[in-house]
Amino acid sequence: MERERGTALVTAARAGDEQAREELVAAYLPLVYNIVGRALDGHADVDDVVQETMLRVLGALPDLRDPASFRSWLVAIAMNQVRRLRSASGPPRATGLDQAREIADPTADFTDLTIWRLGLSGQRREVAEATRWLDADDRELLSLWWLEAADVITREELAAGLGVPARHAAVRVQRMKEQLETGRLVVRALAAEPRCPELEALLAPWDRVPSALWRKRVARHARDCPDCSGRAADLVPAEGLLARLSLVPVLLAPGPGSPTGATLAPHGSGGAAGGTGGTGGGSGRSHGKPPRSPRPRTPAVVAGVLLVTALAVLTVLRWQPGQTPAAAPTRTATTPATTAPAPPTPTVTSAPATTPAPPPTRPRPTLEQQVTELVNAQRALHGCRPVRADAKLHAAAQGHADDMAARGFYEHDTPEGVGPDARITAAGYTWSAWGENIDRGPSSASRAVADWMSDAAHRDNILNCRFTHIGVGTNLGSGGPWWTQDFAAH
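As a further point, take the environment of Arg38. Following the sequence through the fold, Arg38 ends up in helix α2 (residues 18-39). Sequence separation between Arg38 and Thr131 is 93 residues; the distance between their C-alpha atoms is 9.1 Å. Beyond its immediate sequence surroundings of up to four residues, Arg38 is in contact with Phe110, Thr114, Arg139, Leu142, Ser143, Trp146 and Val248.

Here it is, written out as structure tokens:
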């Protein structure tokens, strides 16, 4: 029945029904977003490729001979657009986590987004993390097989997306699944606490970039090592874990003042830690890249269709439960600060009395909530309990982020020599241990956390099991965004 309704919608859209065309885009945008997002691993051009796919679909719709084959046709167009981008971009260049590709989504790369938005845990989470260890071709296939395993598309539609017969597609899927299972073993070996000493020694020269070479090395060790060989004993088949899993919801484009709207400037990060009777220092580094050339603007009519669609899709988003954004901390005269204006709150026009009000939507997670979620994900992998957001630590972190932005310095200590311990104490938090990470330039929470996790001093703060609370401050002003992350324990 659902397929019949879809065929009727395609038929009406082919005949020029504008409302049907809008409904068609709204219905299939999440599918295209999931295919492209996972195939490109959260590349900066995911949104552009999704939009270009929908434009091509709408433009070529009158030429579609069989409306019943619309989904297979749509999947094939989406995969062709992915390959077109890969061909234009050339082979992927390996980079460290602190030099990750620009991520278009304001919250995470696609793996983080999948884990976060779908609330994955346990072995489902391990499967998502294992996708980082796939080669580009296997990741492209995974984008379709994941949806097949979740019962979203059929094997015939998967084969159409690959442009191969179903029998050939089955062979390729089997090979990809073998690599995915290897990636799951690697994820388990790396997450073990305590980690195998021989594996720790093997990983000494690793640059923390998932690659085929290191996948083979870690997997070979895990299979041969007496301590690591049993880690895969209870792995459930991946297709069983992904069955009936929801699509990752489409996110709205960021509004004015969003960090992803800022031109990336050279940035770096610094970490500091201390406790009773001692202090610790951190290091800084910087790098940058030129801004991307702007793409041609979409024609106004089609852009309007996509905007209406995105607003419609917002009603199905499953935001993580969380607090409403905290009020900005009170600033003192000795700490002048300026912040970029917050994105304007959308207004809703009054509807006629006969029109039901739209369902309320949950508030978008704040950057602090996003960072806390990502930090706790890393802590869970290393056996640490989650940290909880603390209003006093938030005040200390926000004040320092604002101060750095206002006065243009980038250090843990202010020009007057006030350090993190003094700021945390002044905010009213009685601590027995503290740690601080700072960063400048990342346009999203995931990029900031990736920066910190790529350096030992900052990673040690995130993975310090002694800490119980966290506070995160961000300032989106000129020269930034500026980030401060404070940890502490009573």
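Moving on from the model shown.
We now examine unusual backbone geometry. With omega at -5 degrees, the peptide bond leading from Glu193 into Pro194 counts as cis. Put simply, Gly480 and Pro481 share a cis peptide bond, and its omega is 0 degrees. Checked against the element boundaries, Pro481 lands in the loop between β5 (469-475) and β6 (482-489). For Asp151, which is not glycine, the phi dihedral falls at a positive 65 degrees. Among the structural elements, Asp151 can be located in the loop between α7 (136-149) and α8 (155-162). With a phi close to 70 degrees, Arg208 is a non-glycine residue in the positive phi region. Topologically, Arg208 is positioned in the loop between α10 (197-202) and α11 (212-224). Judged by its relative accessible area of 26%, Arg208 falls in the partly exposed class.

Our next topic: the packing of helix α14 (residues 367-381) against helix α17 (residues 445-453). Two quantities define a packed helix pair, namely the angle between the helix axes and the distance between the axes. Contact pair α14 / α17: the axes reach a minimum separation of 9 Å and the direction vectors enclose 40 degrees. As summarised for this structure, α14 and α17 are arranged oblique, according to the angle between their axes. As α14 runs across α17, the sense of the crossing is right-handed. Of the residues in α17, those in contact with Leu367, Gln370, Val371, Leu374, Val375 and Gln378 of α14 are Ala445, Ser446, Val449, Trp452 and Met453.

What follows concerns the pairing of β5. Of all 7 residues in β5, 7 are buried; the element is thus mostly enclosed. Residues of β5 alternate between two faces, with His469, Gly471, Gly473 and Asn475 on one and Ile470, Val472 and Thr474 on the opposite face, all of them buried. In the sheet, strand β3 (residues 388-389) pairs with β5 via 2 bridges, with the strands oriented parallel. Residue Ala389 lies in a different strand from β5, and its bridge partner there is Ile470. The antiparallel hairpin formed by β5 and β6 contains 6 residues in its connecting segment, where Gly479 sits at a positive phi of about 85 degrees.

Turning our attention to the pattern of salt bridges. Counted by the stated rule, this structure contains 14 salt bridges. A salt bridge links Glu200 to Arg195, with the shortest nitrogen-to-oxygen separation between them at 3.7 Å. It is possible to trace a salt-bridge network through shared partners that takes in Asp403, Arg407 and Glu416.

We now examine the nonpolar core. Nonpolar side chains in soluble globular proteins generally cluster together in the buried interior. One finds Val36, Phe70, Trp145, Leu158 and Leu180 to be the most contacted residues of the largest nonpolar core, which totals 77 residues. Residues within four places of Leu180 in sequence aside, it is in contact with Val127, Ala130, Thr131, Leu134, Leu142, Trp145 and Ala238. Counting residues in hydrophobic clusters, the runner-up holds 18 residues, among them Val449, Trp452, Ile462 and Phe467.

Under the criterion given, the structure shown has 1 disulfide. In this model, Cys384 is linked to Cys465 through a disulfide, with the two sulfur atoms separated by 1.8 Å. Negative torsions about the S-S bond denote left-handed disulfides, and the value of about -70 degrees found for Cys384 with Cys465 makes this one left-handed. With a gap of 81 residues between them, Cys384 in the loop between α14 and β3 and Cys465 in the loop between α18 (456-462) and β5 connect regions that are remote in the sequence. Residue classification places Cys465 among the partly exposed positions, given a relative accessible area of 45%. Cys225 supplies the cysteine sulfur nearest to Cys196, a cysteine that is in no disulfide, at a spacing of 3.8 Å. The thiol sulfur of Cys228 is not disulfide-bonded, and the nearest other cysteine sulfur, from Cys225, lies at 3.8 Å. What makes Cys228 buried here is its relative accessible area of 1%.

Rules used throughout
- Here the residue index of a chain counts from 1 through its sequence in written order.
- Local features in this predicted model are restricted to residues whose pLDDT is 70 or higher, and side-chain atom pairs enter the listing and the counts only when it is 80 or higher, whereas totals over whole chains, interfaces and linings include all residues.
- Side-chain metrics rest on all non-hydrogen atoms present in the structure, leaving aside hydrogens and water.
- Helix numbers and strand numbers start at the N terminus; a helix is a DSSP run of H or I with at least 4 residues, a strand a run of E with at least 2.
- Any two residues having at least one pair of non-hydrogen atoms within 4.5 Å are treated as being in contact.
- Categorising residues by exposure relies on relative accessible area from a 1.4 Å probe, with only protein chains included: less than 20% of the type maximum marks a residue as buried, more than 50% marks it as exposed, and the intermediate range marks it as partly exposed.
- Fitted lines through C-alpha atoms give the axes, limited to the stretch in contact for helices. The angle between two N-to-C directions lies from 0 to 180 degrees.
- For classification, angles of less than 35 degrees are called roughly parallel, those exceeding 145 degrees roughly antiparallel, those between 65 and 115 degrees roughly perpendicular, and all remaining angles oblique.
- Left-handed is the label given to a crossing in which the near helix is rotated counterclockwise from the far helix by less than a right angle, and right-handed is the label when the rotation is clockwise.
- A pair of strands counts as paired when DSSP detects no fewer than two bridges linking them.
- Any Lys or Arg side-chain nitrogen located within 4 Å of an Asp or Glu carboxyl oxygen qualifies as a salt bridge.
- Throughout this description, the term nonpolar core refers to a set of buried Ala, Val, Leu, Ile, Met, Phe, Trp, Tyr and Cys residues connected via side-chain atoms within 4.5 Å.
- Pairs of cysteine sulfur atoms within 2.5 Å are what we label disulfides.

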